[in-house]
Amino acid sequence: MTEFTISTITELIMTSAPVFILLFLSLSGHSLAFVPIGGGASTHVSITGTALLQKVTETCQAVADEAGHEFKPTGPSPGELVQACLGPTATGEVSGAKFHSALQEIYTQNGLVDRDFVNSAPHHFNSEAFLEGRRLITEGVVAIKANIRNENFKAARETLGRVLHTLQDFYSHSNWVELGYTEPYINLIRPDLPLENLADVDTATCSDCASGKCPNPILPNILKEKKLTSGYMGIFSAAKPKGKCSHGGEGDLTGTSVPRGGISKDERRSDNVAFHNAAVNAATAASLQLLQDIRLAAGNNDFLRMMGIARSSVVCFVIDTTGSMKDDINEARSVVYEIIDSKKGTQDEPSEYILVPFNDPAFGPMTRTTDPDEMKRAISKLKADEGGDPPEMCLSGLQVALTGAPASSDIYVFTDAVAKDIELKDTITALIRTTQSKVSFFMTGPSRRLRRSLRAGSFEDYKVLALASGGQAIQVSKGQLPEATDVILDTSTSALVTVLQRARSHGKQEAFPFMLDESLKNVTIYITGTSLTFTLTNPAGVSQKQDEANGKLGTIKTAGNLWRFRLSADIQTGIWKIDINSKQPYTLKVTGQSTLTFIYDFVESFGGPHPGYAVLRGRPQAGQPVTLMLSAMGRKGPSSLSVGAVGLVTVSGSETLSNGTLTDMGNGDILVTVGAVPEGEFVVSLKGTDKVSNTEFQRQSTTQMSVSKVNIQAVVDSSAEPGKPFMLPFSVRTQGLGGHYSIQAKNDRNIPMEFPKSLTLTAGEYDNATLTITPPSSTPSGTDVTLTLEAKSASGVDSNYAVLRISVVSKITDFDPPHCEGIIVLADDCPQDVSECEPFQWSLSANLTDGNGTGIDKITLQQGNGNLTYTPLNNPPVIANYTASCCSQIVEFTSVDKVGNVGKCYHSIVQSAGPPALTLSLPLWLCLLVSALSRH
């Protein structure tokens, strides 16, 4: 389904709240990105965006109702939606970047089904592959729910995008709407219900359509008997069973075989408008059904976390716990306590806390929590013990943090020793580039500590990794550490943006201009280096030197190699300049808080019947233009800013800027093509105009990237199962010199893997191989494994990587939801006149059972203002009791079993509403007795 119209989608949501319509229209512009080239504005993304935004809006409203505050977005931007959802009382800047990024991840994976599974009938419900298609949906939903339970939200989003594509294709590629059905086929997401009345392979289903554009070629007997069929699709062959319908369209070779034509409703044409619109409606409603099932299983808060609706600050500490680290651990504990206590109730309050300890040879486990008190307890338990050989397992601990923390997190590493596991350096670099997280090192050991072995790293390695991520490498004595950790307080904030970052490996006198705009707050300049001088000058010509601790422009603090220059609140907008004179290496970084920001991904185009763009899993290809998809976000949505220039700029050495050609995709989404790519490492630079203040602004990404002549292709097409080998085919190609290329693969769970240690490549040709990973049988269902695959030339000059996620999910046989039985209602005291309801109450009791299933895991009240209680969940059947005022006449509560199946219990005391229930004017104890006896 690739041609659903935006006008049809808009019609679907006209009955919703006006703010929802604005939100959808502001975000749906990405329907032109990661989708078929030239396909217009009507795509899977339109349908997915409509469903996601409606479900997020409903969930935010429910959370607001429960918290007792209004959910009233002030406008259509992602930031305004997130701010309204998080609550109106928390002060501070709110960025919608994480929410926008979450949407993009889902859209991207949805579109990639057309690239990675273009010839797979089940993924598109082509060729009557109904059972196989539903199996993909079922397995995908099981994986999504398991991932959410384990807080692996990125894995859940990626699977959700693929599942939604397959589900939506059913309504475009089958004859469901031709059969007259207007509601979704619930059996597709209810594996406990059978798929019925499927046409068998020998049953003819279509008449011949010579023109290829017949309104309804389905045979009359198929329509009369309500037989379900779908079009056959042939990309490489025109063969299909006799009498069967074709998918149709230019990419389908079977469309020329009798019966000719096709029944696909992907495109809106003059001959299929009604069926196309019906397919859009059904696909959107089906997407909403699936999202609601996931939401009920996950709960409102975790559903919103999966969607990136959370405060943007995440506190992530990786801490060396060897014997010499007592002072460092105490300081880290102090900083965590200060962050928790000082930022509580503001938008700067972290949405998540992560802690990973390491020493030698141990590292981990990771503590990940949304509860600040749990983080306090975890970091209070850290003790400095053991010692001996100084090199520690620093990078192993950092790897756990990078794969466990949300993307774009700030990670702080405390250590006084070099890395023993330096062989992970390339893996860490790949993870940094993939997650776009920033890593800052606080190093309190001697900077000239010698390596104990060739396998150990040095402090320079930490500096390289910090620079690659956009973080900082701060070297201080243990006594100076409290002064240096102000950086953590600065950066653990919401809506943090980078204005400028530069690094110089050979010091000299140099001037760095940068632009400060009206939206920026809490602007801070960081310089790491020794034996340097600098002068900061504002647009009016007022200056302040490095030896003026309290000057006209702000305050300066120093600690070790760190200079921290906090500008005064009343900063002047315009071009600022900092002159630095040094004979030693140094780094410069300018940050602030602002909702003016951007997100981006490097992408590549792909062809086929439904061409589009795919996010790169590694470095862009050398020798050709670099393409990125960029979304700019203003204070009042994308229309409140204009983008002037986007380019790639080098951070280190002689500065090179390569501006790109911009293609406006609508609503802030821009396709950027850069022909002349800078040599070495580069970042993304953006300049534009804020229409709210009519001032120019500049922003910079922090993660460094470079190009490569090596390319790795690998696709994860299913979940792994505990105790069973999982096969991952991959291909490697080089556009450079052929020869031997070493292959390395690492994962963050230390799961055994088998793969070829080298491949012999011929320039321009792919060489195929397979990696096998076998998760232990004890692996918990929902575990997310991050796999990094690297290919490197024999000379080591060129390399590339692919970072993939594999979900480990136990095989599920329980698809039956919990049941609500024996409902007994006492409501006779409720007056018929609603105006007299206040003094009266009604009650309900029900038995909740999961039969022979996995058992009930949680019960949640969905509708009703009464009080819901229930007996212990581990002692079935569970008896639920509900009491409410007669003014609250409806109750609905859900019971979720341990694998995520959702059962509902609904009743209305309004006579005409709800399913029939046993209503008795009996004492409650007698009703419960009758209920208990009825079970035997």
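Up top is the structure these notes are about.
## With respect to the overall build of the chain
Step number 1: The number of helices and strands found in the chain is 19 helices and 40 strands.
Step number 2: The C-alpha radius of gyration computed for the chain amounts to 30 Å, which stays within 12% of the reference 30 Å derived for 936 residues, consistent with globular compactness.
Step number 3: Reported as C-alpha extents along the three principal axes, the dimensions of the chain are approximately 85 × 70 × 55 Å.
Step number 4: For the chain, the share of sequence-separated contacts (at least 6 apart) that also reach a separation of at least 24 residues comes to 73%.
Step number 5: Within the structure as shown, the chain displays about 36800 Å² of accessible surface, and the carbon and sulfur contribution to it stands at 51%.

## Quick word on the packing of aromatic side chains
Step number 1: Enumeration according to the criterion identifies 20 aromatic pairs in this entry.
Step number 2: Ring centres of Phe170 and Tyr171 lie 4.9 Å apart, and the angle between their planes is 85 degrees; on these two criteria the pair is classed as edge-to-face.
Step number 3: Using a relative accessible area of 0% as the deciding quantity, one classes Phe170 as buried.
Step number 4: In this structure Tyr171 comes out as buried when scored by relative accessible area, which is 0%.
Step number 5: Aromatic side chains Phe317 and Tyr412 sit 5.7 Å apart centroid to centroid with 65 degrees between the ring planes, which places their arrangement in the edge-to-face category. One end of the pair, Phe317, is in strand S1 (residues 314–320); the other, Tyr412, is in strand S4 (residues 410–415), with 95 residues separating them in the sequence.
Step number 6: You can call Phe317 buried: its relative accessible area is 0%.
Step number 7: In this structure Tyr412 comes out as buried when scored by relative accessible area, which is 1%.
Step number 8: Feature note: the residues Phe125, Phe130, Phe170, Tyr171, Trp176, Tyr181 and Tyr185 constitute an aromatic cluster, connected by ring pairs.
Step number 9: The ring of Tyr181 carries the charged tip of Lys226 above its face, separated from the ring centre by 4.9 Å.

## Thoughts on helix H5 (residues 97–116)
Step number 1: For H5, spanning 20 residues, the distance from its first C-alpha to its last is 27 Å, which sits close to the expected 28 Å at 1.5 Å a residue.
Step number 2: In terms of residue burial, H5 counts as a mostly covered element, since 16 of its 20 residues are buried.

## What about the pattern of salt bridges?
Step number 1: Counted according to the given criterion, the structure contains 41 salt bridges.
Step number 2: The closest approach of N and O atoms between Glu58 and Lys55, which form a salt bridge, is 2.8 Å. Here Glu58 pairs with Lys55, and both are found in helix H3 (residues 44–67), just three residues apart, close to one helical turn.
Step number 3: Take Glu58: its relative accessible area is 30%, and that puts it in the partly exposed class.
Step number 4: One salt-bridge network, held together by shared partners, links Glu151, Asp302, Arg305, Glu352 and Arg368.

## Description of the environment of Asn901
Step number 1: You can see Asn901 is positioned in the loop between strand S38 (890–897) and strand S39 (902–908).
Step number 2: Classification of Asn901 by relative accessible area gives buried; the value is 11%.
Step number 3: Here the alpha-carbon distance between Asn901 and Ile856, two residues 45 residues apart in the chain, equals 9.2 Å.
Step number 4: A polar contact of 2.8 Å, which involves the side chain of Asn901, links it to the backbone oxygen of Asp814.

## Some points on the nonpolar core
Most often, soluble globular proteins keep nonpolar side chains buried together rather than apart.
Step number 1: By size, the foremost hydrophobic cluster in this structure holds 55 residues, and its most contacted members are Val56, Phe99, Leu160, Phe170, Tyr171, Leu290 and Met307.
Step number 2: Looking at this core, the elements that each hand over two or more residues are H3, helix H4 (78–86), H5, helix H7 (130–149), helix H8 (153–173), helix H10 (273–298) and helix H11 (300–306).
Step number 3: What Met307 contacts, discounting residues up to four positions off in sequence, is Leu52, Val56, Phe99, Ala102, Leu103 and Ile106.
Step number 4: With 53 residues, the next largest nonpolar core counts Ala405, Ala419, Ile428 and Tyr600 among its residues.

## Looking at the sheet that holds strand S11 (residues 543–545)
Step number 1: The four strands lie next to each other as S8-S14-S10-S11, forming an open sheet whose pairing is antiparallel. The outermost strands of the open sheet, each flanked by one partner alone, are strand S8 (509–516) and S11. Between one strand and the next, the sheet's axes are offset by a mean angle of 20 degrees, whatever the strand orientation.
Step number 2: Pairing geometry for S8 and strand S14 (residues 574–582), over eight bridges, is antiparallel. The residue of S14 that forms the bridge with Phe514 is Trp576.

## Concerning the environment of Trp563
Step number 1: On the secondary structure map, Trp563 appears in strand S13 (residues 562–567).
Step number 2: Judged by relative accessible area, Trp563 falls into the buried class, the value being 18%.
Step number 3: When residues no more than four places from it in sequence are discounted, the contact partners of Trp563 are Ile525, Tyr526, Ile527, Gly529, Leu532, Phe534, Gln546, Ile556, Lys557 and Thr558.

## Brief notes about the sheet that holds strand S35 (residues 856–863)
Step number 1: The three strands are arranged S35-S38-S39 in an open sheet whose pairing can be described as antiparallel. Both edges of this open sheet fall to S35 and S39, since each of them pairs with a single strand only. The average undirected angle you get between the axes of adjacent strands in this sheet is 20 degrees.
Step number 2: Here seven bridges tie S38 to S39, and the two strands are oriented antiparallel to one another. By the bridge assignment for S39, Ser895 is matched with Gly903.

## So, the pairing of S1
Step number 1: For S1, the tally of buried residues reaches seven of seven residues, placing the bulk of the element in the interior.
Step number 2: Burial along S1 is two-sided: the residues Val314, Cys316, Val318 and Asp320 and Val315, Phe317 and Ile319 are all buried.
Step number 3: Of the pairings in the sheet, the one linking S1 to strand S2 (residues 352–358) comprises seven bridges and is parallel in character. When the bridges of S2 are listed, Asp320 appears paired with Phe358.
Step number 4: For the handedness criterion, the β-α-β arrangement of S1, helix H12 (residues 326–342) and S2 is classed as right-handed.

## Looking at the packing of H3 against H10
Step number 1: The N-to-C vectors of H3 and H10 enclose an angle of 40 degrees; their axes lie 9 Å apart at closest approach. When the interaxial angle is binned, H3 and H10 end up oblique. Pair H3 / H10 crosses with right-handed handedness. Of H10, the residues touching H3 (which contributes Ile47, Thr50, Ala51, Leu52, Gln54, Lys55, Glu58, Thr59 and Ala62) are Ala283, Thr284, Ser287, Leu288, Leu291, Gln292 and Arg295.
Step number 2: Taken together, the residues of the contact of H3 with H10 break down into seven nonpolar, six polar and three charged.

## With respect to helix H16 (residues 459–469)
Step number 1: Judged by how many residues are buried, H16 sits mostly within the fold: eight of eleven residues are covered.
Step number 2: Along H16, the residues classified as buried are Phe459, Asp461, Tyr462, Leu465, Ala466, Leu467, Ala468 and Ser469.
Step number 3: Contacts made by the buried residues of H16 are with helix H14 (394–404), S4, helix H15 (425–435), strand S5 (438–443), strand S6 (473–475) and strand S7 (496–504).
Step number 4: Positive backbone phi, at 90 degrees, marks Gly470, one or two positions downstream of H16.

## Overview of unusual backbone geometry
Step number 1: Note that the residue after Val258, namely Pro259, is joined by a cis bond; omega there is -5 degrees.
Step number 2: Locating Pro259 in the fold gives a position in the loop between helix H9 (220–224) and H10.
Step number 3: Here the bond from Gly364 into Pro365 is cis, since omega is 0 degrees, no more than 30 degrees from zero.
Step number 4: Within the secondary structure layout, Pro365 lies in the loop between S2 and strand S3 (367–369).
Step number 5: In this structure, Gln436 is a non-glycine residue whose phi angle is positive, near 55 degrees.
Step number 6: Looking at where Gln436 falls in the secondary structure, it is placed in the loop between H15 and S5.
Step number 7: Phi angles above zero are rare outside glycine, and Asn750 is one such case at about 55 degrees.
Step number 8: Here Asn750 shows up in the loop between strand S27 (739–747) and strand S28 (753–754).

## A short note on the side chain of Ser708
Step number 1: Relative to the helices and strands, Ser708 resides in the loop between strand S24 (695–700) and strand S25 (710–714).
Step number 2: A polar side-chain atom of Ser708 sits 3.0 Å from the main-chain amide nitrogen of Val710.
Step number 3: From its side chain, Ser708 meets the backbone oxygen of Ser799 in a polar contact 2.8 Å long.
Step number 4: Beyond its immediate chain neighbours, meaning those up to four positions away, Ser708 contacts Arg619, Pro620, Gln621, Ala622, Asp798, Ser799 and Asn800.

## Re the environment of Arg295
Step number 1: Mapped onto the secondary structure, Arg295 falls in helix H10.
Step number 2: Taking C-alpha positions, Arg295 is 50 Å from Asn538, a pair spaced 243 residues apart along the chain.
Step number 3: Other than its neighbours up to four places away in sequence, Arg295 contacts Lys55, Glu58, Thr59, Ala62, Asn300 and Phe303.

Criteria and cut-off values
- Residues numbered from 1 in each chain as written.
- Predicted model: local features only at pLDDT ≥ 70, side-chain atom pairs only at ≥ 80, totals over all residues.
- Heavy atoms only, no water.
- Helix = DSSP H or I, 4+ residues; strand = E, 2+ residues; numbered from the N terminus.
- Rg over C-alpha atoms; globule rule 2.2 N^0.38 Å.
- Contact = heavy atoms within 4.5 Å.
- Areas by Shrake-Rupley, 256 points an atom, 1.4 Å probe, with all protein chains shown as cover.
- Phe/Tyr/Trp six-rings, centres within 6.5 Å; stacked < 30°, edge-to-face > 60°.
- Buried < 20%, exposed > 50% of the residue type's maximum accessible area, 1.4 Å probe, protein only.
- Lys NZ or Arg CZ within 6 Å of the ring centre and 35° of its normal.
- Expected span 1.5 Å × (residues − 1).
- Salt bridge = Lys/Arg side-chain N within 4 Å of Asp/Glu carboxyl O.
- Polar contact = N/O pair within 3.5 Å; in protein donor to acceptor, adjacent residues only side chain to side chain.
- Core = buried A, V, L, I, M, F, W, Y, C linked by side-chain atoms within 4.5 Å.
- Pairing = 2+ DSSP bridges.
- Axes fitted to C-alpha atoms, helices over the stretch in contact; angles between N-to-C directions.
- Right-handed = clockwise from strand over helix to strand, strands pointing away.
- Parallel < 35°, antiparallel > 145°, perpendicular 65-115°, else oblique.
- Left-handed = near helix turned anticlockwise from the far one by under 90°.
- Nonpolar A, V, L, I, M, F, W, Y, C, P; charged D, E, K, R; others polar.

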